[in-house]
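# An overview of the molecular structure
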Amino acid sequence: MANAEPNDETQTSRRVYVTMTGLPLLIELKWPFRHSGSGADFWVLHGDIQLGNSDGLHSPVAVNLSATVREVVPSLEAKDVEGPVINSLRKEVDKRQLEFLKSGKLVPVQFSSRYYDFKRNKWNFGKASDEAIALLITRKVFWHTKLGLGNVWIGDPTEALYAETTVPSVLEIARQLAESGLMTLEGEWASANASLMAQAEKFEADMSAALGELEKKHAFEAGRKK
């Protein structure tokens, strides 16, 4: 299979992006960013985060890009900001800031300088260890296969950015996983082997635990508002 990058922006929702806590997300972004038009100096991108392997749970979002971030990105086109936007949303899920419901309300998400390191002039979503990256890859390949989405693009720069590493480093870890028999790697593309899919109980338990913690937090906050 060719190693070319998928170039259809509408296909974002057909790729699984797993959080560090183990939740499989399908993120649909409705490009382009639009100026708020309300007198405030920010731009808005609407999207929807679907929770994979759930009964229609999702979180509609309005990504609000600040003027500070606008100054450091080359453009507001998907080719320049899709990765940082996806990873910002993943981090918000990791921090349990977003709630998944069957009919959720549109939630504003600040795409601000909190994830940009001005001293090093780079995005910063947290440095992950090789062990954490290996777990992220196995979860991604498992859920991509479980949800019937075909082969997995391991060379996706969004994944390297999320773990604060490089695409070659991610591919090297994937190669080691392939050598262990968990997956088959061809270039930048992976497919799950039977030994990986046999761990379904583990991956599903990780997802249930992460979702339970997220729901517990929002139930607690809802109770405080009463």
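Residues numbered from 1 in each chain as written. Predicted model: local features only at pLDDT ≥ 70, side-chain atom pairs only at ≥ 80, totals over all residues. Heavy atoms only, no water.

Okay, the sheet that holds strand E9 (residues 183-186) next. Read from one edge of the open sheet, three strands run E8-E10-E9, paired in antiparallel fashion. The open sheet has two edge strands, strand E8 (152-153) and E9, and neither has a second partner. Sheet topology places E8 next to strand E10 (residues 189-192); two bridges connect them, and they run antiparallel. Paired with Trp153 across the two strands is Trp189, which belongs to E10. (Pairing = 2+ DSSP bridges. Helix = DSSP H or I, 4+ residues; strand = E, 2+ residues; numbered from the N terminus.)

Turning our eyes to something else, we now look at the pairing of E9. The pairing of E9 with E10 spans four bridges and is antiparallel. By the bridge assignment for E10, Leu185 is matched with Ala190. Between E9 and the antiparallel strand that follows it, E10, lie two residues; Gly187 among them carries a positive phi value of about 65°.

Note on pairing: side chains with opposite charge can pair once their charged atoms come close. Following the criterion strictly, the structure yields 14 salt bridges and no others. Asp117 is paired through a salt bridge with Arg120; the nearest N and O atoms lie 2.8 Å apart. Note on Asp117: relative accessible area 17%, which makes it buried. Look at Arg120 and you get partly exposed, because its relative accessible area is 42%. Beyond isolated ion pairs, a larger network of salt bridges with shared partners links Asp117, Arg120, Lys122 and Glu164. (Salt bridge = Lys/Arg side-chain N within 4 Å of Asp/Glu carboxyl O. Buried < 20%, exposed > 50% of the residue type's maximum accessible area, 1.4 Å probe, protein only.)

Our focus in this paragraph is the packing of helix H3 (residues 130-146) against helix H5 (residues 167-179). For the pair H3 and H5, the least separation of the axes is 10 Å and the interaxial angle reads 70°. Taken together, the axis directions place H3 and H5 in an arrangement best described as roughly perpendicular. The handedness of the crossing between H3 and H5 comes out as right-handed. Contacts from Asp130, Ile133, Ala134, Ile137 and Thr138 of H3 reach H5 at Val170, Ile173, Ala174 and Leu177. The residue inventory of the contact of H3 with H5, partitioned by class, reads seven nonpolar, one polar and one charged. (Axes fitted to C-alpha atoms, helices over the stretch in contact; angles between N-to-C directions. Parallel < 35°, antiparallel > 145°, perpendicular 65-115°, else oblique. Left-handed = near helix turned anticlockwise from the far one by under 90°. Contact = heavy atoms within 4.5 Å. Nonpolar A, V, L, I, M, F, W, Y, C, P; charged D, E, K, R; others polar.)

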